[in-house]
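Examination of the molecular architecture
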Amino acid sequence: MPARESSTLVENVCYKKYCIINQLPLSLIAENAHKRNSESVCPTSTKLKRKVTVMSSGRLAKSTIRRGIEIDSFIQLIEESKKTVIQWYAYFRDVCSHKLVEVPILIGGVGQHVEIDESLISKRKNNVGRVVQQRWVFGGVDRATGRGFLELVPDRTAATLETCIQRHIAPGSIINSDGFASYQNIVNIPVLPRFQHIVVIHDQNFVDPITGACTNKVENFWKNAKRRFKSMSGTNEGMLPSHLDEFMWRGQYGKTPMDAFNNIIDHIQQWYPAP
């Protein structure tokens, strides 16, 4: 199995996923693929087929995707081992990740307000406990639609964040941000029509009284994402990218429990078409 690497959105990289059961390559995601470092489940694994029946996997899909039941609670509902349930949860998240690679999130548009911000998604609380690697995530939310994106970033430099902005925010959008220095060149990003940029200085106001600039929506977006990780009592660092993808996937395709269930079935069929 290849060495694990940090997860970032990279260009022109092909990355093979490997089954944790039989170590065989799962699939090849082509251009602009995520380097996934989460463990995946091979649907063809005979060992897994013996363990998970069609009926039990159907129950897993329905309860996991529709209601988002946590692992420990779900194990009590079905006659499957914890290892099996964890593997199927990971498999469903892989489907979410694949869909987001296939159809990248693009928000905003000419004259539409988009709020952006960056945040630490993993850190020590009050500098107590084991030392963990700080992981910065950059995100944005379309104020009108509520749709948003999150992306792990290696740093918060202007070059890194401007690349994310070009990838996920449509040209002509009105970008709302705080006064962070890396945002100062947004209006000069080479897109047409140009981005507009309005700033709120949080030391003075939460909403700028003149321009109306604010970042309340994106901060609420962060709160919801972090609440999910808190409910899981944290997550393995290697699984973080796939959990972020599931959160974004649900925002796009799982507004209601029935939407989530119908869309995950549809996306599985797209990724693994019947012969």
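Above this text is the structure in question.
These remarks concern the structure in this document. (Residues numbered from 1 in each chain as written. Predicted model: local features only at pLDDT ≥ 70, side-chain atom pairs only at ≥ 80, totals over all residues. Heavy atoms only, no water.)

**Section: the overall build of the protein chain**
Scanning the protein chain for helices and strands turns up eight helices and seven strands. Considering only residue pairs separated by 6 or more positions, the protein chain has 55% of its internal contacts joining residues 24 or more positions apart. Within the structure as shown, the protein chain displays about 14400 Å² of accessible surface, and the carbon and sulfur contribution to it stands at 53%. (Helix = DSSP H or I, 4+ residues; strand = E, 2+ residues; numbered from the N terminus. Contact = heavy atoms within 4.5 Å. Areas by Shrake-Rupley, 256 points an atom, 1.4 Å probe, with all protein chains shown as cover.)

**Structural notes on the side chain of Glu118**
With respect to the helices, strands and loops of the structure, Glu118 is situated in strand β3 (residues 113–122). Within polar-contact distance, the side chain of Glu118 engages the side chain of Arg156 at 3.2 Å. A polar atom in the side chain of Glu118 sits 2.3 Å from the side chain of Tyr183. Those residues in contact with Glu118 that sit more than four places away from it in its chain are Trp136, Val137, Phe138, Arg156, Phe180, Tyr183 and Trp222. (Polar contact = N/O pair within 3.5 Å; in protein donor to acceptor, adjacent residues only side chain to side chain.)

**Some words on the packing of helix α4 (residues 82–102) against helix α7 (residues 240–253)**
As a packed pair, α4 and α7 sit with axes 8 Å apart at the nearest point and diverge in direction by 70°. Relative to α7, the element α4 lies roughly perpendicular. Relative to α7, the crossing made by α4 is left-handed. Mapping the contact onto sequence places Arg93, Cys96, Ser97, Lys99 and Leu100 in α4 and Ser242, His243, Asp245, Glu246, Met248, Trp249 and Tyr253 in α7. When the residues that make up the contact of α4 with α7 are grouped by side-chain class, the tally is five nonpolar, three polar and four charged. (Axes fitted to C-alpha atoms, helices over the stretch in contact; angles between N-to-C directions. Parallel < 35°, antiparallel > 145°, perpendicular 65-115°, else oblique. Left-handed = near helix turned anticlockwise from the far one by under 90°. Nonpolar A, V, L, I, M, F, W, Y, C, P; charged D, E, K, R; others polar.)

**Concerning α7**
Here α7 contains 14 residues, and its C-alpha end-to-end distance of 20 Å stays within 8% of the 20 Å for a straight helix at 1.5 Å per residue. Of all 14 residues in α7, 12 are buried; the element is thus mostly enclosed. Among the residues making up α7, those that are buried are Leu240, Pro241, Ser242, His243, Leu244, Asp245, Glu246, Phe247, Met248, Trp249, Arg250 and Tyr253. (Expected span 1.5 Å × (residues − 1). Buried < 20%, exposed > 50% of the residue type's maximum accessible area, 1.4 Å probe, protein only.)

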